[in-house]
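Residues per chain, in single letters:
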Amino acid sequence: DLQGHEEAKKSGRKRDKIICVAKTSEASHTLIPYVRETWGQRCDGFLAASNNTDRAIDAVDIAHEGPEVYDNLWQKFRSITSYLYDNYYDKYDWFFIA
């Protein structure tokens, strides 16, 4: 939200920054541009957490325990949270994982 950052800068107050992460898999990479164009553009940062890296859509392979299936989302969530902490903790105030 560029306007919010500009207003905060003018007023001298700090504005919290949020990074949004879309959980996905390689089979759904074609959907990521739509996510980025809709709610993803309202975030200060955007990342697609996947099982395969694809720089064209900012997808990052984040390994997790177990198979790439719906019943194993908890392990994927844990790995994404750990990845965000290790790589973005100092850059963003909030993490939104969808």
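These lines cover the structure that appears in this document, whether it is placed above or below. Because the structure is predicted, anything quoted here is derived from the model rather than measured.

**Concerning the side chain of Lys76**
Inference 1: With respect to the secondary-structure elements, Lys76 resides in helix H3 (residues 73–88).
Inference 2: For Lys76, a relative accessible area of 4% translates into the label buried.
Inference 3: When neighbours within four sequence positions are excluded, Lys76 is seen to be in contact with Thr24, Ser25, Ala49, Ser50, His64 and Glu68.

**Some details on the environment of Asn52**
Inference 1: Along the polypeptide, Asn52 turns up in the loop between strand S2 (45–50) and strand S3 (59–61).
Inference 2: Given the relative accessible area of 28%, Asn52 is considered partly exposed.
Inference 3: Spatially, the C-alpha atoms of Asn52 and His29 are 9.3 Å apart, while their sequence positions differ by 23 residues.
Inference 4: Aside from chain neighbours lying at most four places away, what touches Asn52 is Glu26, His29, Ala59, Val60 and Asp61.
Inference 5: A polar atom in the side chain of Asn52 sits 3.0 Å from the side chain of Glu26.

**Re the pattern of salt bridges**
Inference 1: This model, assessed by the stated rule, comprises 3 salt bridges.
Inference 2: Across the salt bridge formed by Arg36 and Asp58, the nearest N and O atoms sit 2.4 Å from each other. Taken together, the residues span a long stretch of sequence, with Arg36 in helix H2 (residues 32–37) and Asp58 in the loop between S2 and S3 at a distance of 22 residues.
Inference 3: Overall, the relative accessible area of 30% leaves Arg36 in the partly exposed class.

**Describing the pairing of strand S1 (residues 18–23)**
A regular strand places its side chains on the two faces of the sheet in alternate fashion.
Inference 1: Of the pairings in the sheet, the one linking S1 to strand S4 (residues 94–97) comprises 4 bridges and is parallel in character. Note on S4: the bridge partner recorded for Val21 is Ile97.
Inference 2: In terms of strand pairing, S1 meets S2 through 5 bridges, oriented parallel. From the neighbouring strand, Ile19 faces S2, where its bridge partner is Gly45.
Inference 3: Since S1 and S2 lie parallel, the crossover through H2 that links them has a hand, and here it is right-handed.

**Considerations on the environment of Arg78**
Inference 1: Position of Arg78 among the secondary structure elements: in helix H3.
Inference 2: Counting along the chain gives 22 residues from Arg78 to Ala56, while the straight-line C-alpha distance between them is 25 Å.

**Here's the deal with unusual backbone geometry**
Inference 1: Positive phi, normally seen in glycine, also occurs at Asp58, with a value near 60°.
Inference 2: Accessibility expressed as a relative area gives 37% for Asp58, which makes it partly exposed.

**Side note on a nonpolar patch on the surface**
Inference 1: Residues Tyr85, Tyr89 and Phe95 make up a contiguous nonpolar surface patch of about 330 Å² in total accessible area.
Inference 2: For Phe95, the location among the structural elements is in strand S4.

Thresholds applied
Residues numbered from 1 in each chain as written. Predicted model: local features only at pLDDT ≥ 70, side-chain atom pairs only at ≥ 80, totals over all residues. Heavy atoms only, no water. Helix = DSSP H or I, 4+ residues; strand = E, 2+ residues; numbered from the N terminus. Buried < 20%, exposed > 50% of the residue type's maximum accessible area, 1.4 Å probe, protein only. Contact = heavy atoms within 4.5 Å. Polar contact = N/O pair within 3.5 Å; in protein donor to acceptor, adjacent residues only side chain to side chain. Salt bridge = Lys/Arg side-chain N within 4 Å of Asp/Glu carboxyl O. Pairing = 2+ DSSP bridges. Right-handed = clockwise from strand over helix to strand, strands pointing away. Patch = residues over 30% accessible without salt bridge, like charges linked within 9 Å, V, L, I, M, F, W, Y side chains within 5 Å. Areas by Shrake-Rupley, 256 points an atom, 1.4 Å probe, with all protein chains shown as cover.

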